[in-house]
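# Breakdown of the fold
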Amino acid sequence: MAAGLDRPQVVSHAQQALNYTLFDCKWVPRSARLLCLGSTARGSGLLQLYELRGGRLALLREIEKAKPLKCGTFGATSLQQRYFATGDFGGNLNIWNLEAPEIPVYSVKGHKEIINSIDGVGGLGIGEGAPEIVTGSRDGTVKVWDPRQKDTPVANMEPVQGESKRDCWTVAFGNAYNQEERVVCAGYDNGDIKLFDLKTMSLQWETNIKNGVCSVEFDRKDVNMNKLVATSLEGKFHVFDMRTQHPTKGFASVSEKAQKSTIWQVRHLPQNRDIFMTSGGAGSLHLWKYEYPSQRSKKDSEGAEMGVAGSLSLLQNVTLSTQPISSLDWSPDKKGLCVCGAFDQTVRVLIVTKLNKV
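All figures in this text were calculated on a predicted structure; none of them were measured in a lab. Along each chain, residue indices are assigned from 1 in the same order as the chain's sequence is written. The model is predicted, so local features are restricted to residues of pLDDT at least 70 and side-chain atom pairs to those at 80 or more, both for listing and for counting; the totals for chains, interfaces and linings are taken over all residues. Water and hydrogen atoms were dropped before computing side-chain values, which therefore reflect all heavy atoms in the structure.

## A few points about the UniProt feature "repeat: WD" (unreviewed entry) in the protein
Here is the rule we go by: UniProt positions are given in the numbering used here, feature names are shortened, and annotations may be inferred rather than shown by experiment. The secondary structure listing takes helices from DSSP runs of H or I that are at least 4 residues long and strands from runs of E that are at least 2 residues long, numbered from the N terminus.
This chain's UniProt record puts "repeat: WD" (unreviewed entry) on residues 133–146. Along residues 133–146 the backbone is 0% helical and 64% strand, and the end-to-end C-alpha distance reaches 7 Å.

## Topic: the packing of aromatic side chains
Two aromatic rings, taken as a pair, are described by how far apart their centres are and by the angle between their planes. Note the cut-off: Two aromatic rings from Phe, Tyr or Trp, using only the six-membered ring of Trp, form a pair when their centres are within 6.5 Å; if the ring planes differ by under 30 degrees the pair is stacked, by over 60 it is edge-to-face, and anything between is tilted. Burial classification: accessible surface area is computed with a 1.4 Å probe over protein chains only, and a residue below 20% of its type maximum counts as buried, one above 50% as exposed, and the rest as partly exposed. We call a charge positioned over a ring when the NZ of a Lys or the CZ of an Arg lies within 6 Å of the ring centre and within 35 degrees of the ring normal.
Under the definition given, this model contains nine aromatic pairs. Here the aromatic rings of tryptophan 205 and phenylalanine 251 are separated by 4.9 Å at their centres, their planes lie at 85°, and the arrangement is edge-to-face. Placement of tryptophan 205 in strand β17 (residues 202–208) and of phenylalanine 251 in the loop between β20 (236–241) and β21 (253–257) is noted, with a sequence separation of 46 residues between them. For the pair shown, tryptophan 205 and phenylalanine 251 are each scored as buried. Taking the centre distance of 5.2 Å and the plane angle of 80° together, the rings of tyrosine 290 and tyrosine 292 count as edge-to-face. On the basis of relative accessible area, tyrosine 290 is assigned to the buried category, the value being 2%. Grouping aromatic residues by their ring pairs yields a cluster made of Phe23, Phe89, Trp264 and Phe343. Taking NZ or CZ as reference, lysine 150 lies 4.9 Å from the ring centre of tyrosine 106, over its face. Looking at arginine 182, its charged tip hangs above the ring of phenylalanine 173, at a distance of 5.7 Å from the centre.

## Observations concerning the pattern of salt bridges
In plain terms, the rule: For this document, the term salt bridge refers to a Lys or Arg side-chain nitrogen within 4 Å of an Asp or Glu carboxyl oxygen.
With the rule as written, the count across this model stands at 21 salt bridges. As a salt-bridge pair, lysine 227 and aspartate 274 come within 2.6 Å of each other at their nearest N and O atoms. Of the two residues, lysine 227 is situated in strand β19 (residues 227–232) and aspartate 274 in strand β23 (residues 272–280); the sequence distance between them amounts to 47 residues. Accessibility assignment for this pair places lysine 227 and aspartate 274 in one class, buried. When salt bridges with common partners are traced through the structure, they connect Arg33, Glu51 and Arg53 into a single cluster.

## Section: unusual backbone geometry
The backbone of asparagine 175 sits at a positive phi, close to 65°, despite the residue not being glycine. Judged by its relative accessible area of 9%, asparagine 175 falls in the buried class. The phi dihedral of lysine 210 is positive, around 70°, even though this residue is not glycine. Looking at the secondary structure, you find lysine 210 in the loop between β17 and β18 (213–218).

## Describing the side chain of lysine 194
Definition in use: We call two N or O atoms a polar contact when they sit within 3.5 Å, provided that within protein one can donate a hydrogen and the other can accept it, with sequence-adjacent residues counted only if both atoms are side-chain atoms. Contacts were defined at the residue level, with two residues in contact if any of their heavy atoms lie within 4.5 Å.
When you line up the elements, lysine 194 lands in strand β16 (residues 192–197). Using a relative accessible area of 12% as the deciding quantity, one classes lysine 194 as buried. For lysine 194, the side chain forms a polar contact with the side chain of glutamate 206, separated by 3.4 Å. Apart from residues no more than four positions distant in its own chain, lysine 194 is found in contact with Glu163, Val184, Cys185, Ala186, Tyr188, Leu203, Trp205 and Glu206.

## A word on the nonpolar core
We count it as follows: For our purposes a nonpolar core is just a set of buried Ala, Val, Leu, Ile, Met, Phe, Trp, Tyr and Cys residues, chained together by side-chain atoms within 4.5 Å.
If you look at the biggest cluster of nonpolar residues, it comprises 17 residues, and the most contacted ones within it are Met277, Leu285, Leu287, Trp330, Val352 and Leu355. Contributing elements (two or more residues each) for this core: β23, β24 (284–291), β27 (311–319), β28 (325–330), β29 (337–342) and β30 (346–352). In this structure leucine 285 touches Met277, Thr278, Ser279, Gln316, Asn317, Val318, Leu320, Ile325, Leu328, Cys340 and Leu350, once residues within four positions along its chain are discounted.

## Here we look at the environment of histidine 13
Mapping histidine 13 onto the fold places it in strand β1 (residues 10–17). Sequence separation between histidine 13 and arginine 56 is 43 residues; the distance between their C-alpha atoms is 8.0 Å. Those residues in contact with histidine 13, other than ones at most four positions away along the chain, are Leu52, Gly54, Gly55, Val349, Leu350 and Ile351. Polar contacts involving the side chain of histidine 13 include one to the main-chain carbonyl oxygen of glycine 54, which spans 2.9 Å.

This is the structure we're talking about:
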């Protein structure tokens, strides 16, 4: 671990008890506001908008929807609009204008079953190319949507004929550094990780980490693929160096067993992509730093380029809850400000200090 005095500290700044099951929480870009979404006891969906006022969260608005809301993203919208896209238990993808949230500005029945995960790119000034949303569902499919195009996805990754359908738990965009390039990474309940190249509409790489994949995230969406973190059901996570793909071995990786319980989420610090936080089933958060090796690639005995994995150091860990912390989001604007939601029906705003010292 880093030396004591200069180690980042995780400080609880504000918390709010909720009377519903919280599935996701997100910062509203360029604001001191955050969104919480989930499921009420009677089975409807709830979206709440809070504002951070000093050390407390003030509820500004509460919107109830027919189906429980599972996941959300601002990623495909402009900073001016700040529309929010959600995936729900009925398989619906909806995009909301938070100023007038009664009726969605875009709505499609995207999947036959629950949408477990959603990500957006091409908005908020992050990533080149079209504004797109990717959804991953229990029905085994991963679909990419352009909100400017009604009803049909621009890409549909589904099991090939004869292949059994796997529950897709997590999706993420990456490699969106110009108008042409873009990938989607998806993680499944059986440990499969698949990387889809949206330029060639083909499967670029796949591997299996032997345990359900709970969360995948690229360190940044708007650069050449650099690193990918995948977290799993049994307390392990893997960091893949995505710069060099070996013809047979794929990408080099380093893995870490952080704890005994599930690692629900990984989120990279927007202002420093080599620092990331994982959230665990035991109600804990772990802050990590990735250290690059002296050389990121080498030649194998056949002369083919292969990647070299770096190493990980634990900067800090803290236990906040007796229940799993299932959602996590860094503020895109204020370094070290983060929000997390746990199954103890509490949303917590945290400040992580000294991030410029590590």
